[in-house]
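As a plain string of letters, each chain reads:
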Amino acid sequence: MQDYCRVLLEDFLKTSFQSVNVLFEGANSVRSQSTDRKVTLFQYVAGRKMSVHFEDERFYLRSSVEYSNPHLTVEEVQGIIGTRLLETCTNYYLENGLHEPTEDDILAIMELLKKPPNGYIVPFLLNTDDIEADRYSMNPLKRSIIDTGQSAFPVANVTTNGLKVDEVYAKKYNGSLISKKEVELIKEALRNSNGSYLDFVDSIKYTQLQELTDFCGMNLSLFSLRMPLSPLKTENKDGLLHYIVSESNKDYSTIEEAYACMGRSMTKRTTLLTVPHSKKGFGSKRAARGKLRFENGDGKLLNATVTYKTTPLYPNDIDPQDVAMAICSDKFSVSGEKLSDYSYTETPSSPQFFLYSLASPEDATMWHGVGAVGSSQLLQSYANARAACKKGKLLKDLNQKYHLNIRIPLQFNLSPAGLWSHPIHRNIDASIGSVENLADLAQRGMKLEHLSAFK
C-alpha cells in the first residue's frame, strides 16, 4: 500500500519549500519576544470537546473551515493538510536548522506528522460563526433550515431542533456534494446533538478528520477557535472584541478610516462595521442593508438603520441555479451610542471580518485559492486594518490595552494551480466523502505559495 503521507510530504518539500523558508524566518525573528498573550483553543477528542490553554508564547498559524456545511469539503481538507505540512516542516527546521531536506529529514518529519501538533508554531482552525447555515447552497439540511425559520440566522444562534436531512438534496447531489455515508453520519450526529448547531458541525468534522488521519498517516486533529459571536457572548464590555466594535464606531473619522481599509468612500455610508441582529433573530450580513447617520454631518455616529429582506446567498459549484435563500423581513434603527459604547447583550451584532480578525491570535494565515476562488479584496482590507493599527490609527490602543503585538501576519495560499477538486465533477466544494478514491487527491500533491504582496 502506498504511503500517502510520504507522497504529500515529498511533493510539498519539492514545490513549496519557499513557504517553509518564509515561515521559518518569520517565526524565528519573533521567537525571543515575550508578551502576556494567553490563548485558549479547543478540539474534539473521542467525541468530547476539550479546551486547550497556551500560557507560554507561541506562533499561531491559522487555517479555516466553514459552518455552512456540516461535513468536510475537499477544499477544507486540502487547507488542513497544507497547514499541517507547513507547520510540521517549519517546527522541525526551527529545532534542526534550515537546510535542504535529506532522506533522514523526510523520515523524521513523517514521524512528527503522525503525532498531534506540538511545537513553537501552533496550527489552528478559525471557524467563523456569524455566517448563514446554508451560505454556499450546499447544506444537506437545507429544507429544514428554511422550515425552522433559521435561514437568515447566524450559525451561532442556530439550533438543531427540527433539523433533518433533505432527502431530495441527498439524492440530487449524491456523489458530488454529499455521500450516503456522510448522510448517515449527519443523521446520527443529529440524534445525539445537544441543540447547538456549532457543536453538531464540529463533532462531525472532527470525526471525519480522524478517518482522514487513518488514511494519510498524518494527525489532522488541529485546534479550533470560534469567532466572533461565541466570544462576544461570553465577554464583558471590557473585552477585546467589545473594544474593537466600540472604537471602530466611535465617530465619523474613525469609521472613515475603517472604510479606507475596505477601499470604500463615505459618500453613501451603507456599509455597517457591525451588523445589528434583528429581534426576530436575523443576522445575515448578505441580507442586511444599512445606512449610517452622523451628528452635524461628520461628528459622532447618530444612528444606524438596518433593513433585512429576503436575499439569495451563494451558489454551489454543481448547480448554480439551486441557490439558497436567506428568508427575512425587518427594519429598525440602532442609536450610535449602542455601537460606540458597545454591549453584545444589549445589541447583538456581527462585526466585519477585517475588524474581528484582529482579535484572532494568528501570526500567519493560510488562504484558500486567493487569485482563483478566494477574495483578494477581503485579504487586502484585512492587511490594511492591521497596518493602520500598527501606525496608531483606527484602533489606537490595542497594543497597550490588550498586550497585542499588532503586525500583518505572514500570508500563505493554496496555490490556484494546485487546488484539489472532485476527480470527476471538478468542484472544490465536493464533500470529502463523495471522492471515492482519496488517492486521486493525494497524487495531486500539495502546492502552497507565499503572498508577499500583502505586507
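Calculation rules
- Here the residue numbering is sequential within each chain, running from 1 through the sequence in written order.
- Thresholds applied to this predicted model are a pLDDT of at least 70 for local features of residues and 80 or more for the giving and counting of side-chain atom pairs; totals over whole chains, interfaces and linings are not thresholded and use all residues.
- Only hydrogens and water are removed before side-chain values are computed, so all heavy atoms of the structure are retained for them.
- Numbering goes from the N terminus for both helices and strands, where a helix is a DSSP run of H or I of at least four residues and a strand is a run of E of at least two.
- C-alpha atoms define the radius of gyration, and 2.2 Å times the number of residues to the power 0.38 defines the globule rule.
- Residue burial is assigned from relative accessible area. The probe radius is 1.4 Å, only protein chains are included, and a residue is buried under 20% of its type maximum, exposed over 50%, and partly exposed in between.
- Between N-to-C directions, angles cover 0 to 180 degrees, with each direction set by a line fitted to C-alpha atoms, over the stretch in contact for helices.
- Throughout this description, any angle smaller than 35 degrees is read as roughly parallel, any larger than 145 degrees as roughly antiparallel, any in the 65 to 115 degree range as roughly perpendicular, and the remainder as oblique.
- The crossing is said to be left-handed when, going from far helix to near helix, the turn is anticlockwise and less than a right angle, and right-handed when the turn is clockwise.
- Residue contacts are defined here by distance: any two heavy atoms, one from each residue, within 4.5 Å place the two residues in contact.
- Each residue gets one label: Ala, Val, Leu, Ile, Met, Phe, Trp, Tyr, Cys and Pro are nonpolar, Asp, Glu, Lys and Arg are charged, and the others, such as Gly, are polar.

J.: I would appreciate a short explanation of the overall build of the protein in the present structure.
T.: For the protein, the helix and strand inventory stands at 16 helices and 13 strands. In terms of overall size, the protein behaves like a compact globule, its C-alpha atoms giving a radius of gyration of 22 Å where 455 residues would be expected to give roughly 23 Å. The principal-axis extents of the C-alpha atoms in the protein amount to approximately 70 × 55 × 35 Å. Across the 455 residues of the protein, 58% fall into the buried class.

J.: Looking at this structure, I do not really get unusual backbone geometry. What am I missing?
T.: In this structure, Pro228 follows Met227 across a cis peptide bond, with omega equal to 0 degrees. Mapping Pro228 onto the fold places it in the loop between strand 5 (223-227) and helix 9 (229-234). Residue Ala46 is not a glycine yet carries a positive backbone phi of 50 degrees. Within the secondary structure, Ala46 is located in the loop between strand 1 (39-45) and strand 2 (48-54).

J.: What's the story with the packing of helix 2 (residues 17-30) against helix 3 (residues 74-96) in this structure? I'm lost.
T.: The angle between the axes and the distance between the axes are what describe a pair of packed helices. Taken N-terminus to C-terminus, the directions of helix 2 and helix 3 make an angle of 55 degrees; their axes are 9 Å apart at the nearest point. When the interaxial angle is binned, helix 2 and helix 3 end up oblique. Regarding helix 2 and helix 3, the two cross each other, and that crossing is right-handed. Residue-level inspection shows Phe17, Ser19, Val20, Leu23, Phe24, Ala27 and Asn28 of helix 2 in contact with helix 3, the latter providing Leu86, Cys89, Thr90, Tyr93 and Leu94. In terms of residue class, the contact of helix 2 with helix 3 is made up of nine nonpolar, three polar and no charged.

J.: How do you make sense of the environment of Gly336 when you look at a structure like this?
T.: You can see Gly336 is positioned in helix 12 (residues 336-340). We classify Gly336 as buried; its relative accessible area is 0%. Through-space distance from the C-alpha of Gly336 to that of Arg293 is 8.5 Å; in sequence the pair is 43 residues apart. Excluding residues that lie within four positions of it along the chain, Gly336 makes contacts with Leu301, Leu302 and Asn303.

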